[in-house]
Amino acid sequence: MSPPVAPPGWSRWLVPPAALSVHLSIGQAYAWSVFKPPLESALGLSGTQSALPFQLGIVMLGLSAAFGGTLVERKGPRWAMTVALVCFSSGFLLSALGAAAEQYWLIVLGYGFVGGIGLGIGYISPVSTLIKWFPDRPGMATGIAIMGFGGGALIASPWSARMLESFGNDSSGIALAFLVHGLSYAVFMLLGVLLVRVPRTPKGADGAPAPLDGVQVSARSAVRTPQFWLLWVVLCMNVTAGIGILEKAAPMITDFFADTSTPVSVTAAAGFVALLSAANMAGRIGWSSTSDLIGRKNIYRVYLGVGALMYALIALFGDSSKPLFVLCALVILSFYGGGFATVPAYLKDLFGTYQVGAIHGRLLTAWSTAGVLGPLIVNWIADRQEEAGRHGSSLYGLSFVIMIGLLVVGFVANELVRPVHARHHVSAPAQREAADVRRQQPESA
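Keep in mind that this is a model prediction, so the values were computed, not measured. (Residues numbered from 1 in each chain as written. Predicted model: local features only at pLDDT ≥ 70, side-chain atom pairs only at ≥ 80, totals over all residues. Heavy atoms only, no water.)

Our focus in this paragraph is the overall build of the protein. When helices and strands are tallied, the protein shows 19 helices and zero strands. Principal-axis analysis of the C-alpha atoms gives the protein an extent of 75 × 45 × 30 Å. Residues counted as buried form 56% of the 445 residues belonging to the protein. A separation of at least 24 residues holds for 85% of the contacts in the protein among residues at least 6 apart in sequence. When the accessible surface of the protein is summed, it comes to about 16,600 Å², and 67% of that surface belongs to carbon and sulfur atoms. The averaged location of the 21 negative side-chain charges in the protein is 12 Å from the averaged location of its 28 positive side-chain charges. (Helix = DSSP H or I, 4+ residues; strand = E, 2+ residues; numbered from the N terminus. Buried < 20%, exposed > 50% of the residue type's maximum accessible area, 1.4 Å probe, protein only. Contact = heavy atoms within 4.5 Å. Areas by Shrake-Rupley, 256 points an atom, 1.4 Å probe, with all protein chains shown as cover. Lys, Arg positive; Asp, Glu negative; His and termini not counted. Charge placed at Lys NZ, Arg CZ, Asp CG, Glu CD.)

Below, the structure written as structure tokens:
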């Protein structure tokens, strides 16, 4: 399957909807916390155990993006979106089988391993293409698409909750909900597969592909630079801080106000998850577009510095005020989403567009690490505190202090980022040679 090249006159504004159809689907991962309580009740799981499919899914997202990034650059977005569709939908179908048979390992395998591969390939599938279509506004372009991943739970959270109410919270009801999810997302993702196109390669005076302007660094060279690893730390710390709240959002707000005169209901907790998804989504387009105006380093100063302040406010005063708790959590999640949407443009600024998709895929291993680290910190500490007889907001105090420390580490790493040394740049002849190889592949509309 060769990359689908846009015919003359093709509007670049048709590409973001194609990306959104995939990202809105795989963004369901952020609504996993809706399934946690029913799974814990039906299968007798702990909070740490019920987080395993989500954690493995994020690990596989990073690994598949890292190892598949170069292949996605070569094969193109349509191939990548097709692979994502097959894996993500198959993961749900395997999970449905596991729930029906009450075999939790099948849910972990299906949703976490197989579905996680779909998450990773689907996540990076449109990023490089969007940056090439929108070189004038890379932050906005990637923000539009990646906004879909953050907003997927805005649809999936109430939808999943309603299905569980209708089908039941037992294993058979969970299985039926997984089945409906898998089939529905397959149809929706197919729209992106059919719509996506790549721009035509610009030609030089001799008719050969023209070299790209500005600094260009290959994926192989990028991972040998300190800039790559500093951004890896920045992304990992920002993601850990956000995902720690997001993965346990529904149980967390319930625990925080369980001992008050106005406890949080199950429906309200699901609504809180949807609100977090809205903030996650809005941050992806809002903050990434702002980065086109004020610069990537400055916007990450906001994400990490103000994010640490928000965590401090929750730790100190969150259990005394629901509005304060919700507001601070929404700000943290907007920074979480903004960090994801801004990092491709940050990579483009540092390494160019030559292999930015492959570099982005490798950087997402930071997400894999954070996907384990964030939920592990919050769930493990909460479980230990509960065993010690504590309850309410005291289950999370230590976790929040750790998150503040991690954000400070990320802030320092961002301050150390400098332009890439010229010895890592790709020469124009090398660009031409790589483009000639790609040009031998047949173009199809």
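Having put the structure on the table, let's press on.
With that out of the way, let us pick up the pattern of salt bridges. In this structure the tally under the stated criterion is nine salt bridges. Note that Glu73 and Lys132 form a salt bridge whose closest N and O atoms lie 3.8 Å from each other. On the criterion of sequence distance, the pair formed by Glu73 in helix α4 (residues 52-75) and Lys132 in helix α7 (residues 127-133) is long-range, its members being 59 residues apart. A residue is classified by how much of its surface remains accessible, and Lys132, at 39% relative accessible area, is partly exposed. Between Arg296 and Asp292 there is a salt bridge, and its shortest N-O distance comes to 2.8 Å. (Salt bridge = Lys/Arg side-chain N within 4 Å of Asp/Glu carboxyl O.)

This part is about the domain arrangement of the protein. What the domain assignment reports for the protein is domain 1 (13-198) and domain 2 (219-424). Here the C-alpha centre of domain 2 lies 20 Å away from the C-alpha centre of domain 1. Taken together, the 44 residues of domain 1 in the interface contact 46 residues of domain 2. Summing both sides of the interface, domain 1 and domain 2 together bury roughly 3,600 Å²; the carbon and sulfur share of this comes to 67%. At the junction of domain 1 with domain 2, the criterion picks out zero salt bridges. Those elements that place two or more of their residues in the side of domain 1 that touches domain 2 are α3 (47-50), α4, α6 (104-124), α7 and α8 (138-167). Looking at which element gives the most residues to the side of domain 1 that touches domain 2, the answer is α8, with 18 residues. Looking at the side of domain 1 that touches domain 2 residue by residue, the class counts come to 24 nonpolar, 15 polar and five charged. (Domains from an automatic or database assignment. Buried area = accessible area lost by both parts, 1.4 Å probe. Nonpolar A, V, L, I, M, F, W, Y, C, P; charged D, E, K, R; others polar.)

Enumeration according to the criterion identifies 31 aromatic pairs in this entry. Aromatic side chains Phe340 and Trp367 sit 4.2 Å apart centroid to centroid with 45° between the ring planes, which places their arrangement in the tilted category. Of this pair, Phe340 sits in helix α15 (residues 322-351) while Trp367 sits in helix α17 (residues 365-387), and the two are 27 residues apart along the sequence. With relative accessibility at 1%, the residue Phe340 sits in the buried group. Overall, the relative accessible area of 0% leaves Trp367 in the buried class. Put simply, the rings of Trp32, Phe35, Phe88, Phe92, Tyr111, Trp159, Phe178 and Tyr185 pair up and form one aromatic cluster. Against the face of Trp10 rests Arg197, its NZ or CZ located 4.8 Å from the ring centre. Residue placement shows Lys322 over the ring face of Phe257; its charged tip is 5.7 Å from the ring centre. (Phe/Tyr/Trp six-rings, centres within 6.5 Å; stacked < 30°, edge-to-face > 60°. Lys NZ or Arg CZ within 6 Å of the ring centre and 35° of its normal.)

To continue, consider the confidence of the model for the protein. Looking at the protein, pLDDT values average 86 and 92% of them are 70 or higher. In the model of the protein, helix α19 (residues 428-439) stands out as the element of lowest mean pLDDT, 52, in contrast to helix α5 (residues 77-100), which has the highest, 95. Segment residues 203-211 is flagged for pLDDT under 50; beyond a separation of four residues in sequence, or across chains, it makes 21 contacts in the model. Of the regions scoring below 50 in pLDDT, residues 436-445 engages in 18 contacts with residues more than four places distant in sequence or in other chains. (pLDDT = per-residue confidence, 0-100.)

Counting residues in hydrophobic clusters, the biggest one holds 121 residues, and the most contacted among them are Tyr123, Phe178, Tyr336, Phe340, Phe351 and Trp367. Non-local contacts of Trp367, meaning those with residues more than four positions away in its chain, are made with Tyr30, Ile58, Leu61, Tyr123, Phe149, Val239, Ile243, Tyr336 and Phe340. Counting residues in each nonpolar core, the second largest holds twelve residues, with Trp133, Met140, Ala145 and Met147 among its members. (Core = buried A, V, L, I, M, F, W, Y, C linked by side-chain atoms within 4.5 Å.)

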